[in-house]
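# Structure assessment
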2 protein chains.
Amino acid sequence: MIMKYSRQRAAILSFLQTRKDHPTAEVVYSHVKEEYPNISLGTVYRNLTQLADNGMILRLSFGELGIDHFDADTSPHHHFVCSACSSVIDLQLKEMPFIDEEAGKNFDGMIQGHNIYFHGLCKCCLEKSPIQLNKCDIKCENLND
Amino acid sequence: MIMKYSRQRAAILSFLQTRKDHPTAEVVYSHVKEEYPNISLGTVYRNLTQLADNGMILRLSFGELGIDHFDADTSPHHHFVCSACSSVIDLQLKEMPFIDEEAGKNFDGMIQGHNIYFHGLCKCCLEKSPIQLNKCDIKCENLND
DNA sequence: ATAATAACAGTAATCATTACTGATTTAGTT
DNA sequence: AACTAAATCAGTAATGATTACTGTTATTAT
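Residues numbered from 1 in each chain as written. Chains lettered and ligands numbered in written order. Predicted model: local features only at pLDDT ≥ 70, side-chain atom pairs only at ≥ 80, totals over all residues. Heavy atoms only, no water.

### A closer look at the protein's contact with DNA strand C
Let me state the cut-off plainly: A molecule or strand has a residue near it when one of that residue's heavy atoms lies within 4 Å. Whenever two N or O atoms come within 3.5 Å, that pair is a polar contact, provided that in protein one can donate a hydrogen and the other can accept it, and provided that, for residues adjacent in sequence, both atoms are side-chain atoms. The numbering of helices and of strands both runs from the N terminus, where a helix is a DSSP run of H or I of at least 4 residues and a strand a run of E of at least 2.
Near DNA strand C there are 23 residues, and of these Ser6(A), Arg9(A), Thr43(A), Arg46(A) and Tyr45(B) occur at the shortest range. Per the 4 Å cut-off to the protein, sugar and phosphate atoms form 83% of the nearby atoms of DNA strand C. Within the backbone of Asn38(A), a nitrogen or oxygen atom sits 3.1 Å from a phosphate oxygen of DNA strand C. Contact distances for DNA strand C include 3.5 Å between a phosphate oxygen and a backbone N or O atom of Ile39(A). Looking at the surface near DNA strand C, the elements with two or more residues in it are α1 (7-17) and α3 (41-53) of chain A together with α3 (41-53) of chain B.

Spelled out as structure tokens, the structure:
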């Protein structure tokens with residue numbers, strides 16, 4: 001379908017572009033709401049889906065189970081997900097151009113690409129004591145909110 | 001918490017072990033129901049979570065958006081997700097032992113591991129015409145159900 | 001300006017998953 | 001074999017992210 005301009009979509013995209021973390025739809029909503037107090041959460045979801053379908057942003061479907069994150073940086077890079085606080089952090093890695101071909105050798109279909117998700121503990125969570133790590137209400141503040 | 005034996009959990013695990021595809025909780029439920037007609041869907045979810053927490057199976061949180069898949073094969077391997085039919089297929093790949101160390105060079109936290117998800121079209125979907133691919137009610141049959 | 005239609009706000013519905021409850025099963029101990 | 005504590009169960013209600021619906025508004029081409 002043809003994409004007609006809308007102020008709301010522009011605001012959503014431009015907000016995403018200011019962020020190095022990977023906000024959820026809810027976070028996008030709460031921030032864009034400051035500029036457009038009447039914006040609807042459904043509008044945010046619809047536009048995030050639309051932007052992702054058109055390759056202008058990435059939808060990251062992992063991290064906290066069942067909560068999508070969005071990334072305006074579409075250049076090739078990978079992601080780290082903290083198993084304690086669920087923060088999603090960019091991770092540069094030298095290119096592995098042959099990995100898709102390599103994988104294709106044992107595979108009958110067509111491989112178009114891949115994503116690598118690293119997991120472990122982010123810097124902030126590493127510095128917490130084990131007791132703090134078990135308390136689920138202590139959230140990492142390494143991401144500007 | 002201590003794991004006490006239960007027939008239901010044993011049936012769930014042994015069903016998963018017969019499968020090379022990666023069933024959802026709903027698929028597990030519908031099959032284990034044949035042996036235990038009274039089993040509850042909640043019981044399936046609870047035991048899948050428990051088995052995954054104890055490292056006896058893997059929870060795969062990607063594929064169809066928001067639907068988890070489960071895998072009784074815990075040996076190191078990767079996965080392919082068909083972007084047309086959402087089938088999840090095993091994919092062997094030569095080991096890349098240094099990838100975590102490599103990624104850690106530009107990262108402040110602790111990297112404990114990674115997952116690689118390939119995407120593209122599976123063999124079955126490759127053989128469909130583009131028109132068929134657009135019809136969402138045509139499902140691939142490459143997985144024994 | 002007009003008309004066609006994409007997009008909106010607001011709200012209801014969907015659907016995978018989790019939580020709750022009182023009854024049952026397991027497993028260790030007499 | 002009976003006893004007890006705790007894990008597990010079946011059944012059901014609740015949760016929460018996301019999507020669909022509806023009547024109205026904004027955008028864009030003519």
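### Points about the pairing of strand β4 (residues 88-91) of chain B
Residues and elements named next belong to chain B. Quick note on the threshold: Pairing between strands requires that DSSP locate at least two bridges from one strand to the other.
Where strand β3 (residues 78-82) lies against β4, four bridges are found, and the strand directions are antiparallel. Bridge pairing in β4 links His78 to Leu91. Linking two consecutive strands that pair antiparallel, namely β3 and β4, is a turn of five residues; a positive phi of about 65° is found at Ser86 within it.

### Concerning the protein's contact with DNA strand D
Our working definition: Classification convention: Asp, Glu, Lys, Arg as charged; Ala, Val, Leu, Ile, Met, Phe, Trp, Tyr, Cys, Pro as nonpolar; all other residues, Gly among them, as polar.
Taken together, 23 residues surround DNA strand D, and among them Tyr5(A), Tyr45(A), Ser6(B), Thr43(B) and Arg46(B) come closest. Within the contact set of DNA strand D, a phosphate oxygen lies 3.4 Å away from a side-chain nitrogen or oxygen of Arg7(A). Within the residue set of the surface near DNA strand D, elements represented by two or more residues are α3 of chain A together with α1 (7-17) and α3 of chain B. At four residues, the largest contribution of residues to the surface near DNA strand D is made by α3(B). Looking at side-chain class alone, the surface near DNA strand D contains eight nonpolar, nine polar and six charged residues.

### A short note on the sheet that holds strand β5 (residues 110-121) of chain A
We apply this condition: In this description, a line fitted to the C-alpha atoms serves as the axis of each element, helices being fitted only across the stretch in contact, and the angle between N-to-C directions of two axes falls anywhere from 0 to 180 degrees.
Read across the open sheet, the six strands follow the order β4(A)-β3(A)-β5(A)-β5(B)-β3(B)-β4(B); overall the sheet is mixed. Each edge of the open sheet is held by one strand with a lone partner, namely β4 (88-91) of chain A together with β4 of chain B. With strand direction ignored, the average angle separating the axes of adjacent strands in the sheet is 30°. Here four bridges tie β3(B) to strand β5 (residues 110-121) of chain B, and the two strands are oriented parallel to one another. Looking at β5(B), one finds that Phe80(B) is bridged to Phe118(B).

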